[in-house]
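Spelled out, the chains give:
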Amino acid sequence: MCTDKKKIEMRKPHAILVPYPAQGHVIPMMELMQRLVKHGVKVTFVNTNFTHKLVTDAFSEDEKLNDLASLVSLPDGLETGEDRNDFGKLPDAIFRVMPEKLEEMIKELNAKGDDFEKVTCIVADICMGWVFEVAEKMKIRKAAFWPAAAISLASLFCIPKLLEDGIIDNKGTPMKKQMVQLSPTMPAISSLEFTWLGIGDLKTQEILFNLMVKANEFVTLADFTICNSTYELEKGTFTSYPEILPVGPLLASHRVANQIGHFWKEDSTCLAWLDQQPARSVIYVAFGSFTLFDRTQFDELAHGLEMTNMPFLWVVRSDMVKDMKNDGYDDGIKSRGRIVGWAPQQKVLSHPSVGCFVSHCGWNSVLEGVSSGLPFMCWPYFSDQFANRMYISDVWKTGLVFDKDESGIVSREEIKNKIELLLGNDEFKVRAIDLKEKVAVAVSKGGHSDKNFSNFIDWIQEKGT
């Protein structure tokens, strides 16, 4: 009996981490993995086969994981060659195939007869809510992880009330355009900008809305809910939803380490180019892993950047534009700008030569920009990016928004004029620096996020299942 008790006390907790298979979800959960292993927690990180290959192929040559971390993968239910960016197909395929595969994997780990392998808890992305059902069935403790802003999670929690009040129909479609305040302490958001809207056609929207409804049901099974945000950024939301515990920002830069989890290889040569530019002179332009441009919009952006007469660093993914060809702006790019396929973004944003961030307002990018004290030019593309834009322009007042013309294009003149307006007003920079300092306090010892993370670690390290 004493021997068995001693084994239990010596056993390290073993957490399974399951992100949704999109870069904006994988990166913060991989940072969570890094934090957990630093506290002596063994972690098995479960990607889909497809994202596992993207992530490991993008590792730098000197990248090495802690011995307590292991990366594994499971099939996502789609065939080779099928489009993983098709939001109408992927969630259903995952739900059809992955629960059984995950259960089998956990049984195999637990059957090894090694106390250090036995799974003691599961941490899953809320968009993979079915994981909580698997954990419940297997009597394993479970925690929910939300990689985005708390306000977007609150909109999910409010779906039953939104339906009851007639603000949306049973497919998630708004009944009319109106401003909606989810609670008295929270900023109002447009009914046209809920998280599940603006992605694909109406059928895709319905599939995603149903995914959110299911996630709402599954998350009630979780013992703990943590969020990659901070009280200082979303006081109103965390006041209204105290069950959501902020532990962010989860950024590698806070550990003075390299970020992992991105799907493209980073081009670090741009850092040497930044070294040659004057302080706060460079416009950094990046639109994340999903944003697509048609050729007309891409050309307008290229000309607009050129017209600023300022140096710029522009991230252009290989799949970002169809039928791309330059339209007379090549010389301007060569003389003032630098284009890369993917950049080490946290290092770029913290570089002293960068003066502002032209962004799609994905939450990871927002946190990285805020933590670097930069003002934003906002160009949201879909989903929660519109709520994030609202924070930047309306609540924090650390940035401006590009406006589209009557044909739905952000013109080169609009791009030039707004960037000049942003950089010509020091108040944006002052507010951005102030916000940076507040967020730094949150993750420092004794800050809101630090305390919540310590409580989370204590929960993981509780003995037994």
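Residues numbered from 1 in each chain as written. Predicted model: local features only at pLDDT ≥ 70, side-chain atom pairs only at ≥ 80, totals over all residues. Heavy atoms only, no water.

In the annotation of an unreviewed UniProt entry, the entry for the chain reads EF-hand domain-containing protein, and the organism field reads Lactuca sativa. According to the UniProt record, the Sequence similarities (unreviewed entry) comment for the chain reads "Belongs to the UDP-glycosyltransferase family." (UniProt positions renumbered as here; feature names shortened; annotations may be inferred.)

**Q** So what exactly am I meant to see when it comes to helix α5 (residues 130–137) here?
**A** Because each turn of an α-helix spans 3.6 residues, side chains separated by three or four positions in sequence point in the same direction. For α5, every residue scored as buried is listed here: Trp 130, Val 131, Phe 132, Val 134 and Ala 135. Looking at the packing, one finds that the buried side of α5 touches β1 (14–18), α4 (90–110), β4 (121–125), β5 (141–146) and α8 (202–219). Following α5 by one or two positions, Lys 139 has its phi on the positive side, about 60 degrees. (Buried < 20%, exposed > 50% of the residue type's maximum accessible area, 1.4 Å probe, protein only. Helix = DSSP H or I, 4+ residues; strand = E, 2+ residues; numbered from the N terminus. Contact = heavy atoms within 4.5 Å.)

**Q** Please explain the side chain of Ser 229 as it appears in this structure.
**A** Here Ser 229 is to be found in the loop between β8 (224–227) and α9 (235–240). At a separation of 2.6 Å, a polar atom in the side chain of Ser 229 contacts the side chain of Glu 234. Here Ser 229 is in contact with Glu 234, Phe 238, Pro 246, Val 247, Gly 248, Pro 249, Trp 363 and Ser 449, once residues within four sequence places are set aside. (Polar contact = N/O pair within 3.5 Å; in protein donor to acceptor, adjacent residues only side chain to side chain.)

**Q** Looking at this model, I keep getting lost on the pattern of salt bridges. Mind explaining?
**A** A complete count under the given rule lists 19 salt bridges for this structure. For the salt bridge of Glu 136 with Lys 142, the shortest nitrogen-to-oxygen distance reads 2.9 Å. Exposure remark for Lys 142: the relative accessible area of 6% places this residue in the buried category. Two residues, Glu 420 and Lys 416, come together in a salt bridge whose shortest N-O distance is 3.2 Å. Here Glu 420 and its partner Lys 416 are both found in helix α16 (residues 412–423), 4 residues apart, which amounts to about one turn of the helix. On the basis of relative accessibility, which here comes to 21%, the residue Lys 416 falls in the partly exposed class. Via salt bridges that share partners, Glu 103, Lys 107 and Lys 137 belong to a single interconnected network. (Salt bridge = Lys/Arg side-chain N within 4 Å of Asp/Glu carboxyl O.)

**Q** Even after reading the chapter, I still don't get the UniProt feature "domain: EF-hand" (unreviewed entry) in the chain, so can you show me in this structure?
**A** When the UniProt feature table is mapped to this numbering, "domain: EF-hand" (unreviewed entry) covers residues 401–425. Segment residues 401–425 splits into 48% helix and 4% strand. End C-alpha atoms: 15 Å apart.

**Q** When you look at the packing of aromatic side chains in this model, what are you seeing that I'm missing?
**A** Centre distance and the angle of the planes are the two values used to describe a pair of aromatic rings. Within this structure, the stated rule accounts for 18 aromatic pairs. Measuring from ring centre to ring centre gives 5.3 Å for Tyr 284 and Phe 357, while their planes differ by 35 degrees; the resulting arrangement is tilted. Taken together, the residues span a long stretch of sequence, with Tyr 284 in strand β10 (residues 282–286) and Phe 357 in strand β13 (residues 354–359) at a distance of 73 residues. Judged on exposure class, the residue Tyr 284 and its partner Phe 357 are both buried. Ring geometry for Trp 363 against Trp 396: centres 6.5 Å apart, planes inclined by 45 degrees, an arrangement best described as tilted. Taken together, the residues span a long stretch of sequence, with Trp 363 in helix α14 (residues 363–371) and Trp 396 in the loop between α15 (385–395) and β15 (399–401) at a distance of 33 residues. Like Trp 363, the residue Trp 396 is buried in the burial classification. Cluster of aromatic residues (ring-pair linked, three or more members): Phe 224, Phe 453, Phe 456 and Trp 459. A cation over a ring is seen here: Arg 141 above Trp 459, with NZ or CZ 4.6 Å from the ring centre. The ring centre of Phe 428 lies 5.4 Å from the NZ or CZ of Arg 431, which sits over that ring. (Phe/Tyr/Trp six-rings, centres within 6.5 Å; stacked < 30°, edge-to-face > 60°. Lys NZ or Arg CZ within 6 Å of the ring centre and 35° of its normal.)

**Q** What is the right way to read the environment of Glu 243 from this model?
**A** Counting through the fold element by element, Glu 243 comes out in the loop between α9 and β9 (245–246). The spacing of Glu 243 and Leu 435 is 192 residues in sequence and 24 Å in space, taken between C-alpha atoms.

**Q** What is the right way to look at the sheet that holds β9 in this model?
**A** What links the strands of a sheet is backbone hydrogen bonding, and the strands pair in either a parallel or an antiparallel sense. Strands sit in the order β3-β2-β1-β4-β5-β8-β9 across an open sheet of 7 strands; the sheet is parallel. Where the open sheet ends on each side, the last strands, each with one partner, are β3 (69–74) and β9. Pairing analysis gives 6 bridges linking strand β2 (residues 42–48) to β3, with the strands arranged parallel. The partner of Val 43 across the bridge, within β3, is Ala 69. Where helix α2 (residues 23–38) meets the sheet, its contacts fall on β1, β2, β3, β4, β5 and β8, and the angle it forms with β2 comes to roughly 165 degrees. (Pairing = 2+ DSSP bridges. Axes fitted to C-alpha atoms, helices over the stretch in contact; angles between N-to-C directions.)

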